[in-house]
Amino acid sequence: MEPKKILIITYYWPPAGGPGVQRWLKFAKYLPEFGWKPVIYTPENPSYPLLDESLMKDVPKDLEIVKTKIWEPYQLAEKLNKSNKKFKAGQFDVGKNQSWKSKLSIWVRGNFFIPDARVFWVKPSVKFLEQYLKENQIEVVVTSGPPHSLHLIGLNLKKKLPNLKWIADFRDPWTEISYYKHLKLTKSSDQKHRQLESEVLKNADITLATSYTDAENFRKNGANAICITNGFDESDSNTQTLKFSDTQTKFTLSYIGVLEQLRNPENLWKVLNDLVTENAEFAEKFTLKFAGRVDDKILNSIKHSNLKNHILNLGYLSHDKAIEEMQTSEILLITNFPNDSSKGIIPGKIFEYLATGKQIISFGPKDADVSKILNETQAGKHFSYDDTEKIKEFILDKFKLWKDGNLSENKKNIEQFSRKNLTKKLAEILA
């Protein structure tokens, strides 16, 4: 039986790095096992904030990849202010860290490029894909955002080809994401964002969410929404043979990935600073490890505390190397935006954290979806940003277990989050 074709429209594709690329890379890897032939549509000349050549190994050799050129205004933004390089990854300075150039750049970003700076790819893509879809018997189209401008490609194709089955995949929310309120939007710009979001949610045949709360919120706004979380891939380096090292000489708390100012767990740094100041044994054994891109202002703040001699900053690493660094850790840190509207954000790295069996400490709003996952898997603890004493108790408890050789691994109830099982769920939805 001939496999059915599914066109995946995604901005992020290897050699792009970071968690955004992995979701549809892994779906594309496993979809053929469930009767679907994926075709990738992606920019020919994208401006990626991170590169990771190691992800190329997961691109199936026979995968059809279609590319067209894109124009992006990021070079202009970077000329105005070097820190605008963060815009590519949805990051920017906030609060007291904002210069007048940052403020101007954020205002331009939010009001001139709606929904984002990749919007100039929409019209040429619709024109190209309308003909491509007719010639290649594509049954389903997926748009994956952010950037949410890609959903406008799907929206316009759906209007031109009403019988086309269109799936809008929201890796993050649109107007409900925490940084949205920092975009300095005019009233008319805010209305435009919300109008376009509403059109996407109401016209997509299926809206995919990566969290339970996001799926519920999308349903409230008229979408036929289903949750398929991100996950971990059993075939990734060493996820099948993870062991705790008996010879580990340091008690290491690690953050793996990108950490920006809006998700900075300042209270954790204060707790750790107090512990290395008050507890000589903890100070002797403790290391705070970063593997990824951490905002300079966060690093500078930590380096001006008593933690300065306990920092191991490895910089950005390939995906394979990042997984290795997870294994040489005792506690893995995950952070979320502190406001209630972010309850539904489940950072993708949590699933690879789960696959290591290591303890996880999480920060974000109360009753977050991350908390539900940690409780179900018994993999760690979720805290709000003001739980100072409870944070200290958690870290000291794990330190004592580690010191006594009793900090064991745990992989309870994590099979549901394997990439293969999640792809099976996707195939059932596509049928």
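An account of the accompanying structure is given in this report. (Residues numbered from 1 in each chain as written. Predicted model: local features only at pLDDT ≥ 70, side-chain atom pairs only at ≥ 80, totals over all residues. Heavy atoms only, no water.)

We now examine the overall build of the protein chain. Each helix and strand in the protein chain was counted, giving 15 helices and 13 strands. Within the protein chain, residue pairs in contact and separated by at least 24 positions form 75% of the contacts whose partners lie at least 6 positions apart. Roughly 18,700 Å² of accessible area belongs to the protein chain as shown, and the carbon and sulfur atoms make up 49% of that amount. (Helix = DSSP H or I, 4+ residues; strand = E, 2+ residues; numbered from the N terminus. Contact = heavy atoms within 4.5 Å. Areas by Shrake-Rupley, 256 points an atom, 1.4 Å probe, with all protein chains shown as cover.)

Considering all chains together, one arrives at 21 aromatic pairs under this definition. Here phenylalanine 399 and tryptophan 402 contribute two aromatic rings whose centre-to-centre distance is 5.9 Å and whose plane-to-plane angle is 25°, an arrangement assigned as stacked. Pair noted here: phenylalanine 399 and tryptophan 402 are both in helix 14 (residues 388-403), with a separation of 3 residues, about one helical turn. By the burial criterion, phenylalanine 399 is buried, and tryptophan 402 matches it. Members of the aromatic cluster, connected to one another through ring pairs, are Phe251, Phe282, Phe286, Phe399 and Trp402. The side chain of arginine 118 reaches across the aromatic face of tyrosine 11, ending 4.1 Å from its centre. Note that lysine 372 overlies the ring of tyrosine 212, its terminal NZ or CZ placed 4.1 Å from the centroid. (Phe/Tyr/Trp six-rings, centres within 6.5 Å; stacked < 30°, edge-to-face > 60°. Buried < 20%, exposed > 50% of the residue type's maximum accessible area, 1.4 Å probe, protein only. Lys NZ or Arg CZ within 6 Å of the ring centre and 35° of its normal.)

Here helix 15 (residues 419-430) contains 12 residues, and its C-alpha end-to-end distance of 16 Å stays within 8% of the 16 Å for a straight helix at 1.5 Å per residue. Within the span of helix 15, buried status applies to Arg419, Leu422, Thr423, Leu426, Ala427, Ile429 and Leu430. Down the axis of helix 15, the smallest arc covering the buried residues is 155°, so these residues share one side. (Expected span 1.5 Å × (residues − 1). Arc of directions from axis to C-beta.)

Pairing in this open sheet of 7 strands is parallel, and the strands run 3-2-1-4-5-6-7 from one edge to the other. Strand pairing shows two members of the sheet lacking a second neighbour, strand 3 (64-68) and strand 7 (225-227), which therefore form its edges. The sheet shows a mean angle of 25° between the axes of neighbouring strands, taken without regard to direction. Here strand 2 (residues 36-43) runs beside strand 3; their pairing, made up of 5 bridges, is parallel. Bridge pairing in strand 3 places threonine 42 opposite lysine 67. (Pairing = 2+ DSSP bridges. Axes fitted to C-alpha atoms, helices over the stretch in contact; angles between N-to-C directions.)

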